Amino acid sequence: MENGTLDLFDASTDAQPLEQVLAPGAVLLRGFALPVAPQLLHDLKPVIAQAPFRNLATPGGLTMSVSMTNCGSLGWVSDRSGYRYERYDPLSGRPWPAMPESFSELARNAAERGGYTGFEPDACLVNRYQPGALLSLHQDRDEADVAAPIVSVSLGLAAVFLFGGAKRGDQTQRVPLMHGDVVVWGGPTRLAFHGVLALKDGEHEVLGRQRVNLTFRRAE
Ligand code: MD6
Ligand code: FE
């Protein structure tokens, strides 16, 4: 990863760093997905038509406020019996929609920029946040291959991402994530606790009153 050079900084007024190391192994790539965002949103449409967003139940019997779907050969699901990856969408009984080429290409490129070469995701979890929706602190540990990073792409309304440590009670940093931002996350912090604060209402020029997050993983 390049570091400490002027080209890490935007030439515009407030010199926002375009690459920000959040912790060892975790990097925020500001605006990395902006050039391909229209293509991603175009390719998301048939995915959602085939596998609609749904509010999953937690093992504890609550309903998640974030609605979810998946594409790729494996999809993340939750119900009363736990969290796991499944080959088939439980709603339709059919395989999850294929991962669009624009998705896997972006994930591979972002991972490489973050220092992880050869990332080939087999699962993309699509999260939709409407105002008030939140994701409480959790670890992503249902993947067989935690040596691979996770690539997370934010679209639509901005949200506050909480990034903590190895223990639930560790202090968290608050990271605002905006349309086009990408977080690449692996290595020593792959199992860090993290979450998303309740989405503040607003109107995004492309997505309206919602935030969509794509997280790419190597699940098996
Ligand atoms: C979200 N993201 O940003 C939820 N997990 O909507 C996650 O839970 C997440 O962004 C692991 C790595 C990056 C993430
Ligand atoms: Fe997560």
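None of these values were measured; they are calculated from a predicted model.

Would you take a moment to explain the coordination of the iron ion (ligand 2) for this structure?
Expected angles at a metal are 109.5 degrees for tetrahedral coordination by four donors and either 90 or 180 degrees for octahedral coordination by six donors. With distances of 2.1 to 2.3 Å, the protein atoms coordinating the iron ion (ligand 2) are His-138 (NE2), Asp-140 (OD) and His-194 (NE2). Donor residues binding the iron ion (ligand 2) come from one chain and are separated in sequence as H-x1-D-x53-H.

Would you explain the pattern of salt bridges in this entry?
Tallying each qualifying case throughout the model produces 14 salt bridges. Arg-113 serves as the salt-bridge partner of Glu-19, at 2.8 Å between the closest nitrogen and oxygen. Taken together, the positions of Glu-19 in strand 1 (residues 19–23) and Arg-113 in helix 2 (residues 101–113) put the pair 94 residues apart, joining distant regions of the chain. Among the residues examined, Arg-113 registers a relative accessible area of 40% and is labelled partly exposed. Ionic pairing is found between Arg-108 and Glu-101, a salt bridge with its closest N-O pair at 4.0 Å. In this structure Arg-108 comes out as partly exposed when scored by relative accessible area, which is 23%. Residue Glu-101 is classed as exposed on the basis of its relative accessible area, which comes to 53%.

For this particular structure, what's the right way to read the packing of aromatic side chains?
Between two aromatic rings, the relevant description is the distance of the centres plus the angle of the planes. Summed over the entire model, instances satisfying the criterion amount to four aromatic pairs. When the centroid spacing of 5.4 Å and the interplanar angle of 25° are considered together, the rings of Trp-76 and Tyr-83 count as stacked. Residue class for Trp-76 comes out buried when judged on its relative accessible area of 10%. The structure contains a cluster of three or more aromatic residues connected by ring pairs, namely Phe-161, Phe-163 and Trp-185.

So what exactly am I meant to see when it comes to the site of ligand 1 here?
Around ligand 1 there are 14 residues in total, and Tyr-129, Asp-140, Ser-152, His-194 and Arg-211 lie nearest to it. Within the side chain of Ser-152, one N or O atom sits 2.8 Å away from an oxygen atom of ligand 1. Separating an oxygen atom of ligand 1 from a side-chain N or O atom of Asn-213 is a distance of 3.3 Å. Contact with the protein chains hides 99% of the accessible area of ligand 1, taken as 340 Å² for the molecule alone. More than half of the atoms of ligand 1 fall within 2 Å of the grid points belonging to the largest pocket.

Reading guide: rules and limits
- Residues numbered from 1 in each chain as written.
- Chains lettered and ligands numbered in written order.
- Predicted model: local features only at pLDDT ≥ 70, side-chain atom pairs only at ≥ 80, totals over all residues.
- Heavy atoms only, no water.
- Donors = N, O, S within 2.8 Å, 3.2 Å for Na, K, Ca; no water.
- Salt bridge = Lys/Arg side-chain N within 4 Å of Asp/Glu carboxyl O.
- Helix = DSSP H or I, 4+ residues; strand = E, 2+ residues; numbered from the N terminus.
- Buried < 20%, exposed > 50% of the residue type's maximum accessible area, 1.4 Å probe, protein only.
- Phe/Tyr/Trp six-rings, centres within 6.5 Å; stacked < 30°, edge-to-face > 60°.
- Near = heavy atom within 4 Å.
- Polar contact = N/O pair within 3.5 Å; in protein donor to acceptor, adjacent residues only side chain to side chain.
- Areas by Shrake-Rupley, 256 points an atom, 1.4 Å probe, with all protein chains shown as cover.
- 1 Å grid on protein atoms, 1.4 Å probe; cavity = no way out; pocket = protein on both sides within 12 Å on 5 of 7 lines; lining within 4 Å.
- Sits in = over half its atoms within 2 Å of the grid points.

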